[in-house]
Every structure is written in C-alpha cells, then in structure tokens.
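Chain residues, written in single-letter form:
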Amino acid sequence: MPVAAGDFSAGERFEIDRAIRAAEQTSRFEFSVFVGHAEEPRREYAAGLHAALVAPTHSVLIMVDPVARAIEVVTGSVVKRTLTDHEVQLAILEMQSAFAAGDFVGGLKRGITMLAAHARPPQTLHAAE
C-alpha cells in the first residue's frame, strides 16, 4: 500500500486525477485527496488541510494515512447541504473494504465516485411561463 502520494505510479495518479475530474463535473464541488502521514489528532489535521483549500465551503477533502489505517473526509458547509454524514460513512466503508483487499487506487476511485454521486445537487424542474 502506498505511503505517500509520491509512491503512486504515473498511471495511478492519472486514474485518481480522472476520478477527481469526473467527481467535480458530476457534483460541481471541488475534490482533493491527501495520502500520507497525518498528525494527531487526525480529524483536526484533515480539517486544517481542508481549510487551506481555495474554496473550502465548496470542497470535499479525502485524507488517507495508510500507515495508521485512518481515513477522514471533510466537507465544506455548502457541500453538507447535499452530502450527509451517513453517505460519507458509506463511502469510507467502501474505501476501507477495497484497501483491505489491497486495491488502494480502486478504493480511492470508488470513494470519490460515491461521494460525488451523493453530493450532486437535486435536479429541479422549471415550468415555462
């Protein structure tokens, strides 16, 4: 299992980047992934990374510390309007299952895709006047 983003091959980075781009198109929110050592307390560390993003209110941060086997997902205030804590937990479980099976990149991609699908704003119908 990779320990840091630098441990990914070019092909793996491309796959993760492609999943992020697709998630951003689907949900209209920004997605970021951090893989590496996370300082304790991890939740606060992830929140600090999220706060440093360009548009944190419209962003989702996935932080994975493979050595500590920790995953944190931080969502901005606007994202929380459509993405519930329960949906975030389901995505985390999906990632954990894939990671346990040795599929680190696939787990990230599935987690990103699930979060984006749930974060998608509901479609509204507009009646013609």
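In what follows, the structure referred to is the one given above.
Keep in mind it's a predicted model, so treat the numbers as computed, not measured.

Reading the values: rules and limits
Per chain, residues are indexed from 1 in the order of the written sequence. The model is predicted, so local features are restricted to residues of pLDDT at least 70 and side-chain atom pairs to those at 80 or more, both for listing and for counting; the totals for chains, interfaces and linings are taken over all residues. Values reported for side chains reflect all heavy atoms of the structure, with hydrogen atoms and water molecules removed beforehand. Axis lines are fitted to C-alpha atoms, over the contacting stretch for helices. Their N-to-C directions set the angle, which ranges from 0 to 180 degrees. Going along the chain from the N terminus, every DSSP run of H or I of four or more residues is numbered as a helix, and every run of E of two or more is numbered as a strand. Here the word oblique covers every angle except those under 35 degrees (roughly parallel), over 145 (roughly antiparallel) and from 65 to 115 (roughly perpendicular). With the far helix as reference, a near helix turned anticlockwise by less than a right angle produces a left-handed crossing, and one turned clockwise produces a right-handed crossing. Residue contacts follow a heavy-atom distance rule, with two residues in contact if any of their heavy atoms lie within 4.5 Å. Expected helix span is taken as 1.5 Å per residue step, with the number of steps being one fewer than the number of residues. Three labels apply to residues, based on accessible area from a 1.4 Å probe with only protein chains included: buried if under 20% of the type maximum, exposed if over 50%, partly exposed otherwise in between. Arc, as used here, means the arc of the directions from the helix axis to the C-beta atoms. Side-chain atoms within 4.5 Å are what join buried Ala, Val, Leu, Ile, Met, Phe, Trp, Tyr and Cys residues into a set we call a nonpolar core. Three classes are used: nonpolar for Ala, Val, Leu, Ile, Met, Phe, Trp, Tyr, Cys and Pro, charged for Asp, Glu, Lys and Arg, and polar for all others, with Gly counted as polar. For two strands to count as paired, DSSP must find a minimum of two bridges between them. Whenever two N or O atoms come within 3.5 Å, that pair is a polar contact, provided that in protein one can donate a hydrogen and the other can accept it, and provided that, for residues adjacent in sequence, both atoms are side-chain atoms.

Where helix α3 (residues 85-100) contacts helix α4 (residues 104-119), the axes come no closer than 8 Å and their chain directions differ by 165°. Judged by the angle between their axes, α3 and α4 are roughly antiparallel. Where α3 crosses over α4, the handedness of that crossing is right-handed. Each of Glu-87, Val-88, Leu-90, Ala-91, Glu-94, Met-95, Ala-98 and Phe-99 in α3 lies in contact with α4, whose residues at this interface are Phe-104, Gly-107, Leu-108, Arg-110, Gly-111, Met-114, Leu-115 and His-118.

In this model, helix α1 (residues 10-27) (18 residues) spans 26 Å end to end at C-alpha, consistent with the 26 Å of a helix rising 1.5 Å per residue. Along α1, the positions that sit buried rather than exposed are Ile-16, Ala-19, Ile-20, Ala-23 and Ser-27. With its buried residues spanning 100° around the axis, α1 presents them on a single face. In α1, those exposed residues whose orientation departs by more than 90 degrees from the buried face are Ala-10 and Gln-25. Where α1 is buried, its residues touch β1 (30-35) and α4. Looking one or two residues past α1, Arg-28 carries a phi angle of roughly 70°, positive in sign.

Another point: the nonpolar core. Formed by 28 residues in total, the largest nonpolar core has its most connected members in Phe-31, Val-73, Leu-108 and Leu-115. Listing elements by their share of this core, those giving two or more residues are α1, β1, β2 (59-65), β3 (70-75), α3 and α4. No other element matches α4, which puts seven residues into this core. Residue contacts for Leu-115: discarding those within four places in its chain leaves Phe-31, Val-60, Ile-62, Val-73, Leu-83, Val-88 and Ala-91. Ala-38, Ala-46, Leu-61 and Val-74 belong to the second-largest nonpolar core, a separate cluster that totals five residues.

So, about the packing of α1 against α4. Running from N to C, α1 and α4 cross one another at 5°; their axes reach a closest spacing of 8 Å. The pairing of α1 with α4 is recorded here as roughly parallel in orientation. Residues Glu-12, Glu-15, Ile-16, Ala-19, Ile-20, Ala-23, Thr-26 and Ser-27 of α1 touch α4, and the partners they reach there are Val-105, Leu-108, Lys-109, Ile-112, Ala-116 and Ala-119. In terms of residue class, the contact of α1 with α4 is made up of nine nonpolar, two polar and three charged.

Before going further, it helps to spend a moment on the sheet that holds β3. Pairing between the strands of a sheet comes from backbone hydrogen bonds, and it takes one of two forms, parallel or antiparallel. Strand order in this open sheet of three strands is β1-β2-β3, and the pairing throughout is mixed. Whereas interior strands pair on both sides, the edge strands pair on one side only; in this sheet they are β1 and β3. The mean inter-strand angle of the sheet, taken between neighbouring strand axes irrespective of direction, is 10°.

Right, let's talk about the side chain of Glu-72 for a bit. Within the fold, Glu-72 resides in strand β3. A distance of 3.0 Å separates polar atoms of two side chains, one belonging to Glu-72 and the other to Arg-43. With residues up to four places along the chain from it excluded, the contact list for Glu-72 reads Arg-42, Arg-43, Ala-46, Leu-61, Ile-62 and Met-63.

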